[in-house]
Amino acid sequence: MSWSLRISGVRRFMLIGWIMASLYGISDEIHQSFVPMRDASEGDVPADIIGAFVGAVLFRKIIC
């Protein structure tokens, strides 16, 4: 997400990428609550948000 935003010329590509990836993780947990044989966990939401943050930081350190 951050890469796509960066090459599109978005100034705050890391912040926006992190927010969008976090929202995707939250929406995935909501979706899982409606899928048979899957369960949504409240503990997965912080993990998704932290994972999105770590991914953005690593992207910044490695790619940018």
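These numbers come from a predicted model, not from an experiment. (Residues numbered from 1 in each chain as written. Predicted model: local features only at pLDDT ≥ 70, side-chain atom pairs only at ≥ 80, totals over all residues. Heavy atoms only, no water.)

A word on a nonpolar patch on the surface
- There is a patch of nonpolar side chains on the surface, built from Met 1, Leu 15, Ile 16, Ile 19, Met 20, Leu 23, Ile 26, Ile 30 and Phe 34 and spanning about 840 Å² of accessible area.
- Along the chain, Met 1 falls in the segment before helix H1 (2-7). (Patch = residues over 30% accessible without salt bridge, like charges linked within 9 Å, V, L, I, M, F, W, Y side chains within 5 Å. Areas by Shrake-Rupley, 256 points an atom, 1.4 Å probe, with all protein chains shown as cover. Salt bridge = Lys/Arg side-chain N within 4 Å of Asp/Glu carboxyl O. Helix = DSSP H or I, 4+ residues; strand = E, 2+ residues; numbered from the N terminus.)

Focus: the confidence of the model for the chain
- Of all residues in the chain, 100% attain a pLDDT of 70 or more, and the chain-wide mean is 88.
- Element-level pLDDT for the chain is lowest in H1, with a mean of 86, against a maximum mean of 90 in helix H2 (residues 13-32). (pLDDT = per-residue confidence, 0-100.)

Topic: helix H3 (residues 44-62)
- Its 19 residues give H3 an end-to-end C-alpha distance of 26 Å, which sits within 8% of 27 Å, the value for a rise of 1.5 Å per residue.
- Residues of H3 that are buried include every one of Ala 52, Ala 56 and Phe 59, and no others. Seen along its axis, H3 keeps its buried residues to an arc of 65°; they face one direction. Set apart from the buried face of H3 by more than 90 degrees, the exposed residues are Ile 50, Lys 61 and Ile 62.
- On its buried face, H3 is in contact with H1 and H2. (Expected span 1.5 Å × (residues − 1). Buried < 20%, exposed > 50% of the residue type's maximum accessible area, 1.4 Å probe, protein only. Arc of directions from axis to C-beta. Contact = heavy atoms within 4.5 Å.)

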